[in-house]
Amino acid sequence: MEAVALLPWYAWAMVPLALANVLLNNLLARGSFRVVPALIVLALGYAFALTRPALHASPVTVLQVMGVCNLVLLGVSAWFTWRDPSSPARSAAT
């Protein structure tokens, strides 16, 4: 029963990750590697957050940290995708 209560948290934490994955694959396939330093900083921040004992109070808090980090990842991916002047998405919007 405890695992059933965690499924909605897990599912909603994975949605931004799936969307960010698409945007990151697009960036890296076009050779736009300027996003890599931001991803490294985000990964270090995620690792730091997961090493804090206060964030291990329950499995829900761990999933919430994962969800927030995935939202930030989606934001970073979207920022680098749409601010790139050579982006097909940007040239289609203008």
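How each quantity is defined
- Residues numbered from 1 in each chain as written.
- Predicted model: local features only at pLDDT ≥ 70, side-chain atom pairs only at ≥ 80, totals over all residues.
- Heavy atoms only, no water.
- Helix = DSSP H or I, 4+ residues; strand = E, 2+ residues; numbered from the N terminus.
- Buried < 20%, exposed > 50% of the residue type's maximum accessible area, 1.4 Å probe, protein only.
- Contact = heavy atoms within 4.5 Å.
- Areas by Shrake-Rupley, 256 points an atom, 1.4 Å probe, with all protein chains shown as cover.
- Core = buried A, V, L, I, M, F, W, Y, C linked by side-chain atoms within 4.5 Å.
- Patch = residues over 30% accessible without salt bridge, like charges linked within 9 Å, V, L, I, M, F, W, Y side chains within 5 Å.
- Salt bridge = Lys/Arg side-chain N within 4 Å of Asp/Glu carboxyl O.

Q: Give a detailed account of the overall build of the protein, specifying residues and quantitative values.
A: Secondary structure summary: the protein contains four helices and zero strands in total. Reading the secondary structure of the protein in the N-to-C direction produces α-α-α-α. Buried positions account for 27% of the 94 residues belonging to the protein. Of the contacts formed within the protein by residues at least 6 apart in sequence, a portion of 70% connects residues at least 24 apart. Summed over all atoms, the accessible surface of the protein reaches about 6,200 Å², with 76% contributed by carbon and sulfur.

Q: Pulling in residues and values, what's your account of the environment of Gly45?
A: Tracing the backbone shows Gly45 in helix H2 (residues 36-50). Owing to a relative accessible area of 35%, Gly45 belongs among the partly exposed residues under this scheme.

Q: Which residues make up the nonpolar core, and what values go with them?
A: Among the nonpolar cores identified, the biggest contains eleven residues, and these are Ala20, Leu23, Leu24, Leu27, Val35, Leu42, Leu73, Leu74, Val76, Ala78 and Phe80. The set of elements that each furnish at least two residues to this core consists of helix H1 (2-29) and helix H3 (59-83). For this core, the element with the most residues is H3, which contributes five residues. Those residues in contact with Leu74 that sit more than four places away from it in its chain are Pro16, Leu19, Ala20 and Leu23.

Q: Pulling in residues and values, what's your account of a nonpolar patch on the surface?
A: Residues Leu28, Phe33, Val36, Ile40 and Leu44 make up a contiguous nonpolar surface patch of roughly 460 Å² in combined accessible area. With three residues, H2 is the single largest residue contributor to the nonpolar patch. In this fold, Leu28 is placed in helix H1. A residue is classified by how much of its surface remains accessible, and Leu28, at 36% relative accessible area, is partly exposed.

Q: Break down the environment of Gly67 for me, citing the residues and quoting the values.
A: Relative to the helices and strands, Gly67 is located in helix H3. Note on Gly67: relative accessible area 13%, which makes it buried. Residues Gly67 and Tyr10, 57 residues apart in the sequence, show an inter-C-alpha distance of 8.0 Å.

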